[in-house]
Amino acid sequence: MLQSIMIFPSAFLIGAYTDLSVFVQALPIMLLITVGLTFSSLVKSFEGFGLIQTFINLPIFFLNGALFLLSNVPQWLLWINRSNPLTYGVDALRTV
């Protein structure tokens, strides 16, 4: 994350077109990558990685709306669904 924060301002120095909104949009992605790298550095075995991956990927998959419609879910579950990035990928595939 620190490398990215240093690279974005240096893009102005070499004349690359960048906008502040691009940096603001990339910041949450960089934060998620930082969290993922931190978790992966703590895992000591391959089995531990499978455990972490299961606890992260399964809720993301089940709460994205691909398996059931979200028209009758409670408001708190709808909020979780809207914060799930996979939801927007499912919506894009349904549109296509």
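Residues numbered from 1 in each chain as written. Predicted model: local features only at pLDDT ≥ 70, side-chain atom pairs only at ≥ 80, totals over all residues. Heavy atoms only, no water.

Colleague: Looking at this model, I keep getting lost on the overall build of the protein chain. Mind explaining?
Modeller: Helix and strand counts for the protein chain stand at five helices and zero strands. Listing every helix and strand of the protein chain by position from the N terminus yields α-α-α-α-α. Relative to the 2.2 N^0.38 estimate, which gives 12 Å for 96 residues, the radius of gyration of the protein chain is 18 Å and therefore markedly larger than a compact globule would have. Taking the principal axes of its C-alpha atoms as reference, the protein chain extends roughly 50 × 40 × 25 Å. (Helix = DSSP H or I, 4+ residues; strand = E, 2+ residues; numbered from the N terminus. Rg over C-alpha atoms; globule rule 2.2 N^0.38 Å.)

Colleague: Looking at this structure, how should I read the packing of aromatic side chains?
Modeller: Here the distance between the centres and the angle between the planes together describe a pair of aromatic rings. All told, the structure shown has one aromatic pair when counted by the stated rule. Look at F61 and F62: their rings are 5.5 Å apart centre to centre, the planes differ by 55 degrees, and that puts the pair in the tilted class. Owing to a relative accessible area of 37%, F61 belongs among the partly exposed residues under this scheme. (Phe/Tyr/Trp six-rings, centres within 6.5 Å; stacked < 30°, edge-to-face > 60°. Buried < 20%, exposed > 50% of the residue type's maximum accessible area, 1.4 Å probe, protein only.)

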